[in-house]
Amino acid sequence: MEQPAHGGEPAGAAGDAAETLDHPLPEGVRRRVVALVADAFGGLTVAELPAPLRQYARFTPSRRAKFAGSAMAAALDADPLFRQRIGERFKQGQPELAGAVESGVLPAAADPVDVAAAAYVLRPPGWVKLVAAAGEEAQRADAERADEAGRRELERLREELAAARDRSRSETEQLRHDLEAARKEAESLHRKLRSAQSDVKRGEAALRRAQGEIEAARAEAAAQVSAAESETRRLRARLGEVETALEASRRTAREGRSVEDMRLRLLLDTVLDAAQGLRRELALPPVSVHPADTVDAVEPGRMSPKDIAARALSETDPALLDQLLALPQAHLVVDGYNVTKTGYPTMPLEKQRLRLLGGLSALAARSGAEVTCVFDGAELAAPVLLAPPRGVRVLFSKPGVTADELIRQLVRAEPPGRPVVVVSTDREVADGVAKAGARPVASALLLKRLSRLS
């Protein structure tokens, strides 16, 4: 296959510039060109295709012609290299027609549309004349077909007109007979109508009297029904109010008791675990503890208060997070996107979530603490298909609610006294949860701790 000449132009670019069409490509020739390109399309690699056409590389020729016809025609006209490659494929598929078009000696039996399509792709000298001649030939053939169809249509209309005239004469004669019979029948009906009108007048008078009596009875019945319906509506409304109030009272009592029982049970578990933890930490025999041992002083060989202060952990030490999660019934609440955009902001949101949740799952398994990860639902373009990892509760905020507000709701839902640790660099979130009794820590601290697990 030929390669582009110097300067990025194919070898035939100069010939294309010398001859150009001064009118649109005839529709028949355009359709044949699109079909030709669609057939030759499959022989090219994806790299050999123009960028706009690569998405159609796997289509069948018929689907390419249907969905990418305009794009292929535009690329063939604007991209000489693509046109040259299509021409090479055409030469391989139809060498006789391609050779005839390039030599200028056209077979007498060749279809002018095929010749014009081949000339448009191969662009030999004089190709514009071949395309124009094919267009004129196609127009001439269309005109002849139209004239022939018009003559056939005219002959058909003449035959239909003659038949319609014959039917019209017979139908006119029949209508005259029908009209005479209708006149006689109308006279008879007119006489009967006058007799019936007299009977109707007498019946209408009797009907008016009966209607007056019925209206009076109906008005009385309607008044009684209206009074009964009013009383029924009043009783139903009263009954509905009573039922609503009763159901609301039951629901309030049931929900309040359930929430309070849960909060009290969780607080009780926290206090019990804390007491057990203190018992394990102290582990002192009862007989060895004396009141004098509780006096704060420095004994020989023991650490001084300064030594104890020196062992305090800084806010950036990952061991601080381990100490917090070691508290009884600890609950770790993580501001998801605040952590991921601090640690790995260049990753897609989906991969950010998966990486963070994997680390939190390992941390939950290691510490035994309850872990909840909160993401902002406002950044979701569609529902997230996500299976939460073991030991981690994953929550997305509802529309109109930010992740910060959801975190504050989670903290407020916990009973006073339970250890709650909130991971977020957002100062507003940290200050808000601190006022509610939670312990805020920076996102960088959690990232350091998770890096040790990986």
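Calculation rules
Residues numbered from 1 in each chain as written. Predicted model: local features only at pLDDT ≥ 70, side-chain atom pairs only at ≥ 80, totals over all residues. Heavy atoms only, no water. Core = buried A, V, L, I, M, F, W, Y, C linked by side-chain atoms within 4.5 Å. Buried < 20%, exposed > 50% of the residue type's maximum accessible area, 1.4 Å probe, protein only. Helix = DSSP H or I, 4+ residues; strand = E, 2+ residues; numbered from the N terminus. Contact = heavy atoms within 4.5 Å. Pairing = 2+ DSSP bridges. Right-handed = clockwise from strand over helix to strand, strands pointing away. Axes fitted to C-alpha atoms, helices over the stretch in contact; angles between N-to-C directions. Parallel < 35°, antiparallel > 145°, perpendicular 65-115°, else oblique. Nonpolar A, V, L, I, M, F, W, Y, C, P; charged D, E, K, R; others polar.

J.: Residue-level account of the nonpolar core, with values.
T.: Counting residues in hydrophobic clusters, the biggest one holds 35 residues, and the most contacted among them are Val33, Met72, Leu76, Phe82 and Ile86. Going through the elements one at a time, α2 (27–41), α4 (69–78), α5 (80–93), α6 (95–103), α7 (112–122) and α8 (127–282) are the ones with two or more residues in this core. Considering each element in turn, this core owes the most residues, nine residues, to α7. The contact partners of Ile86, leaving out residues within four places of it in the chain, are Leu36, Val37, Ala40, Leu44, Leu76 and Val121.

J.: Residues and numbers for the side chain of Arg408, please.
T.: Mapping Arg408 onto the fold places it in helix α13 (residues 403–413). In contact with Arg408, not counting residues within four places along its chain, are Glu428 and Val429.

J.: A description of the pairing of strand β4 (residues 420–423) should follow, citing residues and the corresponding values.
T.: Of the two faces of β4, the one holding Val420 and Val422 and the one holding Val421 and Val423 are both buried throughout. As paired elements, strand β1 (residues 331–335) and β4 share four bridges and run parallel to each other. Across the sheet, residue His331 finds its bridge partner in β4, namely Val420. Chirality of the crossover, the property in question, places the unit of β4, helix α14 (residues 427–435) and strand β5 (residues 439–441) among those that are right-handed.

J.: Quick rundown of unusual backbone geometry? Include the residues and the values.
T.: Here the phi dihedral of Gln329 falls at roughly 55°; this positive angle occurs in a residue that is not glycine. Structurally, the position occupied by Gln329 is in the loop between α10 (318–325) and β1.

J.: Describe the sheet that holds β1, listing the residues and the values that go with them.
T.: Ordered by their spatial adjacency, five strands build an open sheet running β3-β2-β1-β4-β5, and the pairing between neighbours is parallel. In this open sheet, the two edge strands, each paired with only one partner strand, are β3 (392–396) and β5. Pairwise comparison of adjacent strand axes, ignoring direction, gives a mean angle of 20° for this sheet. In this sheet, β3 lies alongside strand β2 (residues 370–375) in parallel orientation, the contact comprising five bridges. If you follow Val371 over to β3, its bridge partner there is Val392.

J.: Before we move on, can you summarise the packing of α10 against helix α15 (residues 443–453) with the specific residues and values?
T.: With their axes 8 Å apart at the nearest point, α10 and α15 run at an angle of 90° to one another. In terms of orientation, α10 and α15 fall into the roughly perpendicular class. The residues of α15 that touch α10, namely those facing Pro318, Leu320, Leu321 and Asp322, are Leu445, Leu446, Lys448, Arg449 and Arg452. Partitioned by chemical class, the residues of the contact of α10 with α15 number five nonpolar, no polar and four charged.

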